[in-house]
Amino acid sequence: MPDTVARALTEALPYVQRLAGRVVVVKYGGAAMKAADLSDAVLQDVVLLHAVGVKVVLCHGGGPEVSAMGRRLGIEPRFVDGLRITDDETMRVAQQVQIGGISRDVIGGISRHGGRAIGLSGHDCGGFLRATPRVHTDRETGAPVDLGRVGDVTSVDGAVITGLLDTGLIPVIAPVAVDGDQRSLNVNADSVATAVAQVLGATRLVFLTDVSGIRGADGKEAAQVHADTLENWIQDGVVAGGMIPKAEACLAALRAGVEAVTVADGRVPHALLVELLTDAGVGTQVLPAPEPPC
Ligand code: ADP
Ligand code: MG
């Protein structure tokens, strides 16, 4: 037993050395968020990573909780291509659940493990997270779809995040942005995580979700996939629903120079530590397209 512990700790050393002082963005959603024990393990991992010098930024989702609260209020959720149709009332619910509920729970969980976190969303700091209303075309019919208060992220105030990281805080970002009039827009948390990773020049981006990776054309989860293949999977419908924004987010992050992007299995306890600090992987790593032969 002491041997195993020592081996695990020494295995982590080169990873800690590589990541200390670097930015790692974690998108937290899916199962890792629903089950209390898994969710606690994620937050403990975040505090541990922070304690060894990694600059961790946490972006959370919370779609299922928004749907559940909406249903309690008599609002049935509707989606097109994995995007929530968001009328003004749904936006209000989303804002309250994401910022008033989930962010607070995450920040509290981090505090319980001895970390210090701070919540951020669109309205903070003079428009921390900005977006424009999304114009969407139905993937199957090609018809325009009015999604309501759904936005595409246009900017993130990286200086705010950097300032907080420099004072030893763990930023926790909710997927609520503002438009030019400071009105709320619902944004996909995967896209928020990508925009944050881009603006900070993050080294790693990890999406914690509730599947064991991205299923390919053969129906099996791939341990690794190149960007060009993933693009084909999106085109061919192999990647669908909530995996579409995630896959697109992976591609955008790679284009922006993030070294490695992983869709990790949040159902595995301590998936984050295993993915970032050990030789093992827990999901699908998306790699830049291979260089064409000369
Ligand atoms: P999260 O809450 O982590 O953002 P989502 O539900 O939005 O999770 O997206 C993940 C879901 O995408 C999976 O649960 C799965 O049902 C769906 N999905 C669609 N296509 C694929 C695929 N090719 N590989 C894996 N999951 C897929
Ligand atoms: Mg999602």
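The present account deals with the structure reproduced in this document. (Residues numbered from 1 in each chain as written. Chains lettered and ligands numbered in written order. Predicted model: local features only at pLDDT ≥ 70, side-chain atom pairs only at ≥ 80, totals over all residues. Heavy atoms only, no water.)

A few words now on the overall build of the protein chain. Secondary structure assignment for the protein chain yields 11 helices and 16 strands. Against the compact-globule benchmark of 19 Å for 294 residues, the protein chain has a radius of gyration of 19 Å, which places it among compact chains. Expressed as a percentage of its 294 residues, the buried residues of the protein chain come to 50%. Expressed as a percentage of contacts within the protein chain between residues at least 6 apart in sequence, the contacts between residues at least 24 apart total 74%. Summed over all atoms, the accessible surface of the protein chain reaches about 13500 Å², with 52% contributed by carbon and sulfur. Side-chain charges of the protein chain comprise 25 positive and 34 negative groups, with the mean position of each set lying 4 Å from the other. (Helix = DSSP H or I, 4+ residues; strand = E, 2+ residues; numbered from the N terminus. Rg over C-alpha atoms; globule rule 2.2 N^0.38 Å. Buried < 20%, exposed > 50% of the residue type's maximum accessible area, 1.4 Å probe, protein only. Contact = heavy atoms within 4.5 Å. Areas by Shrake-Rupley, 256 points an atom, 1.4 Å probe, with all protein chains shown as cover. Lys, Arg positive; Asp, Glu negative; His and termini not counted. Charge placed at Lys NZ, Arg CZ, Asp CG, Glu CD.)

For Ala94, the position within the fold is in helix α5 (residues 88–112). Linking Ala94 and Leu43, residues 51 residues apart in sequence, is a C-alpha distance of 22 Å. With sequence-adjacent residues up to four places away left out, Ala94 is seen in contact with Val66 and Ile99.

Attention shifts here to the site of ligand 1. Close contacts around ligand 1 come from 16 residues, with Thr209, Arg215, Val238, Ala240 and Lys246 the closest. Arg215 is positioned such that a nitrogen or oxygen atom in its backbone is 2.8 Å from a nitrogen atom of ligand 1. Relative to its unbound accessible surface of 580 Å², ligand 1 loses 76% to contact with the protein. Comparing atom positions with the cavity grids shows ligand 1 to sit within the largest pocket. Broken down by secondary-structure element, the contributors of at least two residues to the shell around ligand 1 are β13 (204–209) and α10 (243–255). Of the residues that constitute the shell around ligand 1, the class distribution is 7 nonpolar, 5 polar and 4 charged. (Near = heavy atom within 4 Å. Polar contact = N/O pair within 3.5 Å; in protein donor to acceptor, adjacent residues only side chain to side chain. 1 Å grid on protein atoms, 1.4 Å probe; cavity = no way out; pocket = protein on both sides within 12 Å on 5 of 7 lines; lining within 4 Å. Sits in = over half its atoms within 2 Å of the grid points. Nonpolar A, V, L, I, M, F, W, Y, C, P; charged D, E, K, R; others polar.)

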